Amino acid sequence: MVGASLRDRRQALLERPTLQAAAFCRAYAEEADAWLSGVAEQASEGNRRHLALLAVGGYGRGELAPFSDLDLVLVHDGHKDVARVADAIWYPVWDEGVHLDHSVRRPAEVLAAAAEDLRVALGLLDGRLVWGDPAVAEPLLAQVRARWADGLGAHWLPALHQQMEDRHRAQGEVAFLLEPDLKEGRGGLRDANALRALAACAPSLADQVDLASAERAAATLTAVRVELHRSAGRELDRLLLQEQDQIAAALRYPDADALMAAVSAAGRTIAWVVDGTWRRRELWQPPSRARSRRLGRRRRQGKEELPTAAGSPSVEPSVAEVEPGIVCRRGEVALAEGAGGGDSSLGFRLAAVAAERGLPVARAALNRLADKLPPPEDPWPVETRQALVRVLSQGERAIEPLEALDHHDLLTRTMPEWGAVRHKPQRNAYHRFTVDRHLLEAAANAARLTDRVDRPDLLLIGALLHDIGKGYPGDHTAVGTELVGAIARRMGFPPDDVDTLVAMCAHHLLLPDTATRRDLDDPATVEAVAEAAGDRRTLDLLWALTEADSQATGPAAWGTWKAGLVADLVDRAGRVLEGEAPSGARRWRTDEHLSLMADVRHTGKPIVLLDPPHVVVVAPDRRGLLASVAGTLALHGLDVRSADVTGEDRVAAEEFTVEAGRGTWPDSARLREDLEAVLADRIPLHDRLEAKASAYARARRPSAARPVVPQVRVDNSASSSSSVVEIRALDEVGLLRRVTQALFDCHLDVVSARVSTLGDEVVDAFYVRDSHGEKVTDPATLARVEQALQAVIG
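Just so you know, the residues in each chain are numbered from 1, in the order the chain's sequence is written. For a predicted model such as this one, the threshold for reporting local features is a pLDDT of at least 70, and the threshold for listing and counting side-chain atom pairs is 80 or more; totals across whole chains, interfaces and linings nevertheless cover every residue. Just so you know, side-chain values use all the structure's heavy atoms and leave hydrogens and water out.

A. The arrangement of the sheet that holds strand 1 (residues 51-55) in detail. Strands sit in the order 3-2-1-4 across an open sheet of four strands; the sheet is mixed. Of all the strands in the sheet, the pair left with one neighbour each is strand 3 (100-105) and strand 4 (128-132). Taking each pair of neighbouring strands and ignoring which way they run, the sheet shows an average axis angle of 25 degrees. At least two DSSP bridges between two strands are required for those strands to pair. Elements are defined by DSSP. Helices are runs of H or I of four residues or more, strands are runs of E of two residues or more, and each kind is numbered from the N terminus. In this structure, strand 1 lies alongside strand 4, joined through four bridges in antiparallel fashion. Its bridge partner lying in strand 4, A55 is registered against R128. Contacting strand 1, strand 2 (70-76) and strand 4, helix 2 (residues 21-43) crosses the sheet at an angle of about 35 degrees to strand 4. Sheet contacts for helix 4 (residues 82-95): strand 1, strand 2 and strand 3; angle to strand 3, the most-contacted strand, approximately 175 degrees. Each axis is a line fitted through C-alpha atoms, taken for helices only over the stretch in contact, and angles between the N-to-C directions span 0 to 180 degrees. Contacts between residues were defined by any pair of non-hydrogen atoms, one from each residue, lying within 4.5 Å.

B. Here's a closer look at the sheet that holds strand 12 (residues 638-648). Spatially, 10-11-13-12-16-17-15-14 is the arrangement adopted by the eight strands of the open sheet, whose pairing is antiparallel. Across the chains shown, the open sheet's two edge strands, defined by having one partner strand only, are strand 10 (607-611) and strand 14 (711-715). Neighbour-to-neighbour, the strand axes of the sheet open up by a mean angle of 15 degrees, direction not taken into account. The sheet contact formed by strand 14 and strand 15 (residues 723-730) spans five bridges and is antiparallel.

C. Main features of the packing of aromatic side chains. Note on aromatic pairs: the rings of Phe, Tyr and Trp (six-membered ring only in Trp) are paired at centre separations within 6.5 Å, and the planes decide the class, stacked below 30 degrees, edge-to-face beyond 60, tilted for the rest. Summed over the entire model, instances satisfying the criterion amount to three aromatic pairs. Ring plane angle 55 degrees and centroid distance 6.1 Å describe the contact between F24 and Y28, whose orientation is recorded as tilted. Highlighted residues: F24 and Y28, both in helix 2, separated by four residues, approximately one helical turn. On the basis of relative accessible area, F24 is assigned to the buried category, the value being 0%. We call a charge positioned above a ring when the Lys NZ or Arg CZ atom is no farther than 6 Å from the ring centre and deviates by at most 35 degrees from the ring normal. Here R452 stacks its cationic end above the ring of W543, 4.6 Å away from the centre of that ring. Whether a residue is buried, partly exposed or exposed follows from its accessible area with a 1.4 Å probe, protein chains only, as a fraction of its type maximum: under 20%, in between, or over 50%, in that order.

Shown next, in the form of structure tokens:
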């Protein structure tokens, strides 16, 4: 490949599908070295004296992913023509279309930059000579590493720690996100590199934490990152859903779920080692000069100074027994000497104390429990169940200690079913977390809602287990109810409580699905919910579980609109459970609507009212009116959440509840103008929607999560007066208009509609009647409706 461009060299490597992981990175780094050496030799006209081209950062380590930046430093020691040489090196790199991070410095300037800029210092730790004078490069790199080990590294520790925390907050966790950032996320490759930097300034670190396991985990992430770049054809470090199937195949995983489980395990391992490293900072951190002098004085006085978790000195370690078998020592929650034995509650009690006090669980305690903690009896002792409820009641503070137990397989020792959801991805854009983390997040959210129920323990356990069926084949709710029943009995709950927990699992989607997909003014809707809940206690538990579950799912799963609908449904169902009859009155049809309809009947002119989030259109009735209005709202970026229709004496009133798709309400004057124009048939609505849909499809990121399979279902039992047509389809601009038009073309009247968006998928429910105002029951008509709808949603 002599004389080949860098881009061609890279492409040749990319076309070797078996060249993967670290082997690819090394091969690409070697090709980059060879190409840059030729460029630099030509740029310097063969004069290497006083010049050295250094690779730093990932390139310096030989970890060069396909589309990574080239991080270069041109060091010169008095070269008179260095600016010309530098330009003659940088410009060819830019011409290759390769991203470049570069600088030109004297050795003293390199050292000064490392002392002033953490990023520069970290990059130089991995520096190596690519081309040039070893007499310039080698003493400089040796001096950089010596300074880092002799105090510069200790100086940068607080900034490095803060930088990592900021990055983790911004990027989330590799272990639990469905689209993790392999490089910047918590437990990602940048964290693994930070561990190397810490080890370079503290040789004793290797004795304190398991650096080797972090390196193995980083190798897994590196392999995935290389294939992610190869698949995307560009620099991409977020493992998008659409890329996961192809990368799983390239790396010979059974499927994308197996790939993501491996990524999750690797991220968890790196995060675990990083956390342990910072937690034990006082055991390995190089002492400052002031602390060294203080230590020397105390040793001369015969007083051995011991560190505390905060890094401040004390003469004696602080040990306090907080409850049987558990002590607090050096800022950690640990096991007392001799604790363990047959106490199956000990692991949960240890986690509870850690959560209550905001302290980490000592690694030695976890190792001891992993070796000696017995599984609980069947049924569990009451103390073990109470200890689990106790730790869950701490909300967000419970997640870290429970994760610590899980890292040592202690959760599966008490609940073997947990192993099936550990690292389990939920491959759709609606969910943020893996199943295991989702369950912990839901339980943490439920802890904030315990004052709304009379059995907080059932709420917490129900939240922890509501999706446990997702680890097994089949419908997760049906499977989950069987599992929850068995787990609850094993936990020692009495039969009535077992029944309640099973009901919570069986109906955990009842309230959100009904509230967003059914007409709450239909008596049959409220009666069905009341019958499913069975009693007020279960209804309140389901209400709190709905909120906790939705908030743990993702930002699109819970909001003011949905919360209001669920609260309204609970209020109505609660009154039915108390003996009241559900009202069939349509609340939205007020005297004001009737007055507007009378005005339109008198003048023949439509009326448009805009009162965000409501849009009301009153107009002379005609077939397709609902479709036209829905299409106009879509043109202006408004997502319809519900639509209600009524008519009288050839005048229709339609009220829409909408949300601004981009968070900003459109220009009201233009919206009104277009609505009035479409009512008068003055705009080519179909053409404009097609153009917007095409633009939306180009801009939209495709998802290779579970593909959305279009579905049509007609339910004649959900309403006392209408047939409910439910569709599932990929969310597209103008979909609501196409569906309602298809229903009208089948000579059906839409009475109301409810629209629910689940990531890239919509679930729409339409209450329809035939031309006689009756339910649609004729098999031929139902088949024709299904065929028409499949044609527009497929």
